[in-house]
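Now for the letters of each chain:
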Amino acid sequence: MAAKKTAGRKSASKKVTSKKAGRSASKTLSSPSTSARSKSAAGSALSQRKSPGRQTSPKAASAASKVLSSAGTSARSKSAAGSALAQKSSRKRK
């Protein structure tokens, strides 16, 4: 089912963070050795755990993208970052 487009509004994402990704995000946030970028992406993913209307901000999406492309990042952090990135707005800038 395609989402309706409304003038001047972003369509709300129906996606939510899975239980597994939420657990990864929680552990990422509680780890003292995790980078600020990883924590930003994990926080975004965790905030969307049961909130289908929320979307990842551009700043958190950028952090998530950098986390995913980093070779030294844990699988747990990448799971949370991937979830956050999957829930960003798909609307492109002009």
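Refer to the structure presented above.
In this report, we go over the structure that sits alongside the text. (Residues numbered from 1 in each chain as written. Predicted model: local features only at pLDDT ≥ 70, side-chain atom pairs only at ≥ 80, totals over all residues. Heavy atoms only, no water.)

## Remarks on helix α3 (residues 58-69)
Stage number 1. Here α3 contains 12 residues, and its C-alpha end-to-end distance of 17 Å stays within 8% of the 16 Å for a straight helix at 1.5 Å per residue.
Stage number 2. Buried residues of α3: A60, A61, A63, A64 and V67, and no others. Buried positions in α3, seen along its axis, are confined to an arc of 160° and lie on one side of it. Structural note: α3 exposes P58, K59 and S69 on the side pointing more than 90 degrees away from its buried face.
Stage number 3. Among the structural elements, α2 (36-47) and α4 (75-86) are those in contact with the buried residues of α3. (Helix = DSSP H or I, 4+ residues; strand = E, 2+ residues; numbered from the N terminus. Expected span 1.5 Å × (residues − 1). Buried < 20%, exposed > 50% of the residue type's maximum accessible area, 1.4 Å probe, protein only. Arc of directions from axis to C-beta. Contact = heavy atoms within 4.5 Å.)

## Focus: the environment of K39
Stage number 1. Topologically, K39 is positioned in helix α2.
Stage number 2. Residue K39 is classed as partly exposed on the basis of its relative accessible area, which comes to 28%.
Stage number 3. The sequence separation of K39 and T28 amounts to 11 residues, and the corresponding C-alpha distance is 6.5 Å.
Stage number 4. Dropping the residues within four chain positions of it, K39 is found in contact with T28, L29, S31 and T34.
Stage number 5. Looking at K39, its side chain comes within polar contact range of the main-chain oxygen of S31, at 3.1 Å. (Polar contact = N/O pair within 3.5 Å; in protein donor to acceptor, adjacent residues only side chain to side chain.)

So yeah, pure geometry; function would need other evidence.
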